[in-house]
Amino acid sequence: MLKGECNCGQVQFQIDAMPAGVIICHCSICRRHTGTNGNAVVLLKNDNFQWISGQEHISTWKKPKHDWQIWFCKTCGSQVPGKNDENMIFAPAGALTEGGEDLKVIHHIWVESKANWDEIGATGQQHTKHFGA
Ligand SMILES: [Zn+2]
Ligand SMILES: [Zn+2]
């Protein structure tokens with residue numbers, strides 16, 4: 001089992017099955033959101049995810065005209081898990097506090113949009129755009 005939380009600790013969640021690995025999105029929207037080289041997440045089936053506390057502290061923002069939405073703690077601003085599609089949820093890899101020690105990077109997406117200073121490491125398959133590209 002994996003656990004994670006936001007910086008202020010109000011939002012806490014639990015993952016009941018080991019995710020396949022970490023996916024890093026290097027797109028410009030994720031880069032602006034985090035202020036870093038992208039966004040590192042794990043993908044989970046809805047059935048393998050549970051909130052422990054703090055859902056009422058979560059706010060969300062969708063970028064107009066884009067298929068991009070982010071969920072975050074209203075108090076501390078940390079990114080928190082959100083809906084990927086009808087069956088899947090994504091959780092920020094950096095928010096995991098226990099159980100994620102053996103995770104490896106398995107995919108880099110939107111590599112064509114990466115920052116010039118971003119040097120992608122040896123692990124993980126690189127995709128120009130989304131999966132399949
Ligand atoms: Zn918080
Ligand atoms: Zn992105």
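See the structure above.
Residues numbered from 1 in each chain as written. Chains lettered and ligands numbered in written order. Predicted model: local features only at pLDDT ≥ 70, side-chain atom pairs only at ≥ 80, totals over all residues.

A. Quick peek at the nonpolar core. Ranked by size, the top nonpolar core spans 27 residues in total, and within it Ile23, Cys25, Val41, Val42, Val80 and Ala91 carry the most contacts. Of all elements in the fold, only β2 (12-15), β3 (22-25), β4 (39-45), β7 (69-73) and β9 (88-92) reach the threshold of two or more residues within this core. Leaving out residues up to four positions away in the same chain, valine 80 has contacts with Cys6, Val11, Ile58, Trp71, Phe72, Cys73 and Ala95. (Core = buried A, V, L, I, M, F, W, Y, C linked by C-beta atoms within 7 Å. Buried ≥ 20, exposed ≤ 12 C-beta atoms within 10 Å, placed from the backbone. Helix = DSSP H or I, 4+ residues; strand = E, 2+ residues; numbered from the N terminus. Contact = placed C-beta atoms within 7 Å.)

B. Representation of the pairing of strand β6 (residues 58-62) in the model. In terms of residue burial, β6 counts as a barely covered element, since only 0 of its 5 residues are buried. With 5 bridges connecting them, β6 and β7 associate as antiparallel partners. Each residue of the ladder has a partner; that of threonine 60, found in β7, is tryptophan 71. Counting the residues between successive antiparallel strands, the hairpin from β6 to β7 contains 6 residues, one of them, lysine 65, with a positive phi of roughly 65°. (Pairing = 2+ DSSP bridges.)

C. Expanded view of the sheet that holds strand β1 (residues 2-5). Here 4 strands make up an open sheet; going across it, the order is β5-β2-β1-β10 and the pairing antiparallel. The sheet terminates laterally at β5 (49-53) and β10 (96-98), the two strands that pair on one side only. Between one strand and the next, the sheet's axes are offset by a mean angle of 30°, whatever the strand orientation. In terms of strand pairing, β1 meets β2 through 4 bridges, oriented antiparallel. Within β2, the position partnered with lysine 3 by the bridge is glutamine 14. (Axes fitted to C-alpha atoms, helices over the stretch in contact; angles between N-to-C directions.)

D. The arrangement of the environment of glycine 54 in detail. Inspection of the secondary structure puts glycine 54 in the loop between β5 and β6. For the pair glycine 54 and valine 11, spaced 43 residues apart in the sequence, the C-alpha separation amounts to 4.1 Å. Residues in contact with glycine 54, not counting those within four places in the same chain, are Gln10, Val11 and Gln12.

E. Looking closely at the sheet that holds strand β11 (residues 105-109). One open sheet accounts for 6 strands, arranged β8-β9-β4-β3-β11-β12; its pairing is mixed. In the strand order of this sheet, the two ends are held by β8 (82-83) and β12 (125-126), each with one partner. Sheet topology places β3 next to β4; 3 bridges connect them, and they run antiparallel. Bridge assignment links isoleucine 24 to a residue of β4, and that residue is alanine 40.

F. Region of interest: the environment of glutamine 125. Structurally, glutamine 125 can be placed in strand β12. In sequence terms glutamine 125 and cysteine 73 are 52 residues apart; their C-alpha atoms lie 31 Å from each other. Every residue in contact with glutamine 125, bar those within four places of it in the chain, is listed here: Ile106 and His107.

G. Representation of the environment of leucine 43 in the model. Structurally, the position occupied by leucine 43 is in strand β4. Residue classification places leucine 43 among the partly exposed positions, given that 17 C-beta atoms sit within 10 Å. Here the alpha-carbon distance between leucine 43 and valine 22, two residues 21 residues apart in the chain, equals 7.9 Å. Ignoring anything within four residues of it in the chain, the contact list for leucine 43 reads Pro19, Ile23, Asn84, Met88 and Phe90.

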